[in-house]
Amino acid sequence: MGTAAHTETELSLVERMKEGDPSAYKHAVRHYSPSMLAVARFYLDHANADEVVQDCWVSVIDAIQKFEGRSGLKTWLHRIVANRCKNQIRSSSREVVTDFSDSLDPDLANRFKPSGRWKAPPQARFHESAEALMETEALNDCLDKHLSALPETQRSALMLYEAHQHASGEVCNILDVSASNLRVLLHRARQKVFLMVEAFQETGEC
Amino acid sequence: MLMCRDLARIASDYIDDELGTRQNLSVKVHLMMCKGCRTFIDNLRTSTELMTYHSSFKVDEDFLRRIDERVTDALKAHQSGKSNQD
Ligand SMILES: [Zn+2]
């Protein structure tokens, strides 16, 4: 979250990192790299994103000494990644191109009549809760596959907001998007997940 | 009047409670009358919750090991830099 909600483990992890404890770094690298990559891939292609995340970890060794805990460690790391990406984009004058023009996914848009009513309404409620659904291994794999096919921008927004539970103001900051554009990214990504789970429930296949 | 397609456009805002009072009310009224949209909202909400349980972005172990190596080297350089100053 955006507020400085520190757990005991996070504080002791930071202390150990400040002391240069290699095992603390090993733990932190595993814990925080996935979401740091989500941030980096919002801005950069895969190869450059990988590189930025690696460089960030090296820079953290010095920077952590100045970490005062005003934000959580995760938020702090995400900001470092975002800033580095923004600098890189500025120097290469590459821009992040994203379509914010329609909040409706094209595949979902096809399911309405010209009048605006459903032509093909969702037939059934998903059988189980999200928690129970996640226990289906095939669905889990399917979700993996579809998430990796999402545009990076949508996926990063989804990851940071949903999976990593950042507050929306914080996600806007990290990804440098307006609040209304974040809403579009989130909604587009959620519709993809919805369409995927629906197809999976109907056919049993990914 | 709010049509199903309009509702689908703002469904996430409804789920996250980001709509203004008036729009929120017209969604609620529509949902009372429309089974398709009720199912849609329920399923979109479940889809959203799925993401909380799904910790994706599985990073490959090679990538993590490369970071470990660079961090280890940097830590060593850092330590020897410090002891040189002492
Ligand atoms: Zn409807």
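Residues numbered from 1 in each chain as written. Chains lettered and ligands numbered in written order. Predicted model: local features only at pLDDT ≥ 70, side-chain atom pairs only at ≥ 80, totals over all residues. Heavy atoms only, no water.

Okay, a nonpolar patch on the surface next. There is a patch of nonpolar side chains on the surface, built from Met1(B), Leu25(B), Val29(B), Met32(B) and Met33(B) and spanning about 620 Å² of accessible area. Secondary-structure assignment places Met1(B) in the segment before helix H1 (4-9). (Patch = residues over 30% accessible without salt bridge, like charges linked within 9 Å, V, L, I, M, F, W, Y side chains within 5 Å. Areas by Shrake-Rupley, 256 points an atom, 1.4 Å probe, with all protein chains shown as cover. Salt bridge = Lys/Arg side-chain N within 4 Å of Asp/Glu carboxyl O. Helix = DSSP H or I, 4+ residues; strand = E, 2+ residues; numbered from the N terminus.)

Residues and elements named next belong to chain A. The end-to-end C-alpha separation of helix H2 (residues 22-43) is 29 Å, in line with the 32 Å expected for 22 residues at 1.5 Å each. Maximal helix bending in H2 amounts to about 45 degrees, located at Ser33; proline Pro34 follows within four positions. The buried fraction of H2 amounts to 16 of the 22 residues, a majority that puts the element mostly inside the structure. Capping of H2 at its N-terminal end is provided by Asp21; its side-chain oxygen lies 2.9 Å from the backbone amide nitrogen of Ser23. (Expected span 1.5 Å × (residues − 1). Bend = angle between axes of the 7 residues up to and from the residue. Buried < 20%, exposed > 50% of the residue type's maximum accessible area, 1.4 Å probe, protein only. Polar contact = N/O pair within 3.5 Å; in protein donor to acceptor, adjacent residues only side chain to side chain.)

Attention now moves to empty space enclosed by the protein. If a probe as big as a water molecule is rolled over the atoms, it shows which places are left empty. In total, this model carries one cavity of 30 Å³ or more according to the counting rule given. Of the pockets and cavities examined, the largest cavity occupies roughly 40 Å³. Around the largest cavity, the lining is made up of eleven residues, and of these Lys18(A), Glu19(A), Gly20(A), Gln65(A) and His78(B) lie nearest the centre. For the lining of the largest cavity, the secondary structure elements donating two or more residues are helix H1 (8-18) of chain A together with helix H5 (61-85) of chain B. Counting residues per element, the lining of the largest cavity draws most heavily on H5(B), which supplies four residues. Here the lining of the largest cavity is composed, by residue class, of four nonpolar, four polar and three charged. (1 Å grid on protein atoms, 1.4 Å probe; cavity = no way out; pocket = protein on both sides within 12 Å on 5 of 7 lines; lining within 4 Å. Points joined across faces, edges and corners; volume = space filled by probe spheres on them. Nonpolar A, V, L, I, M, F, W, Y, C, P; charged D, E, K, R; others polar.)

Okay, the state of the cysteines next. Residues and elements named next belong to chain A. Inspection of the entire model under this criterion finds one disulfide over all chains. A disulfide bridge connects Cys142 with Cys206, and the sulfur atoms are separated by 2.2 Å. As the torsion about the S-S bond is roughly 85 degrees, the Cys142-Cys206 disulfide counts as right-handed. Highlighted residues: Cys142 in helix H7 (residues 137-149) and Cys206 in the segment after helix H10 (179-203), separated in sequence by 64 residues. Owing to a relative accessible area of 47%, Cys206 belongs among the partly exposed residues under this scheme. A disulfide-free cysteine, Cys172 has its sulfur positioned 17 Å from the sulfur of Cys85, the nearest such atom. The exposure class assigned to Cys172 is buried, which follows from its relative accessible area of 14%. (Disulfide = S-S within 2.5 Å.)

All names here are of chain B. The protein atoms donating to the zinc ion are Cys4 (SG), His30 (NE2), Cys34 (SG) and Cys37 (SG), with metal-donor distances spanning 2.0 to 2.4 Å. Classification of the site at the zinc ion as tetrahedral follows from its four donor atoms and the range of 102 to 112 degrees in their angles at the metal. His30 gets classed as buried once you look at its relative accessible area, which sits at 6%. Look at Cys34 and you get buried, because its relative accessible area is 13%. (Donors = N, O, S within 2.8 Å, 3.2 Å for Na, K, Ca; no water. Tetrahedral: all angles 85-135°; square planar, octahedral: opposite > 155°, others 65-115°.)

Time to look at the packing of H2(A) against helix H3 (residues 46-63) of chain A. All names here are of chain A. Closest axis-to-axis distance for the H2/H3 pair is 10 Å, and the angle between their directions is 140 degrees. One element, H2, and the other, H3, form an angle in the oblique class. Along this stretch, H2 crosses H3, giving a crossing that reads as right-handed. When H2 is examined against H3, the residues Tyr25, Ala28, Val29, Tyr32, Ser33, Met36, Leu37, Ala40 and Arg41 are found in contact with a partner set consisting of His46, Ala49, Asp50, Val53, Cys56, Trp57, Val60 and Ile61. Looking at the contact of H2 with H3 residue by residue, the class counts come to 13 nonpolar, two polar and two charged. (Axes fitted to C-alpha atoms, helices over the stretch in contact; angles between N-to-C directions. Parallel < 35°, antiparallel > 145°, perpendicular 65-115°, else oblique. Left-handed = near helix turned anticlockwise from the far one by under 90°. Contact = heavy atoms within 4.5 Å.)

Take the interface of chain A and chain B next. Across the boundary between the two partners, chain A contributes 61 residues, which contact 47 residues of chain B. Taken together, both faces of the contact between chain A and chain B bury some 4900 Å²; the carbon and sulfur share is 65%. On the chain A side of the contact with chain B, Gln54(A), Arg183(A) and Arg190(A) bury the most area, a combined 13% of that side's loss. Between chain A and chain B we count nine salt bridges in total. (Buried area = accessible area lost by both parts, 1.4 Å probe.)

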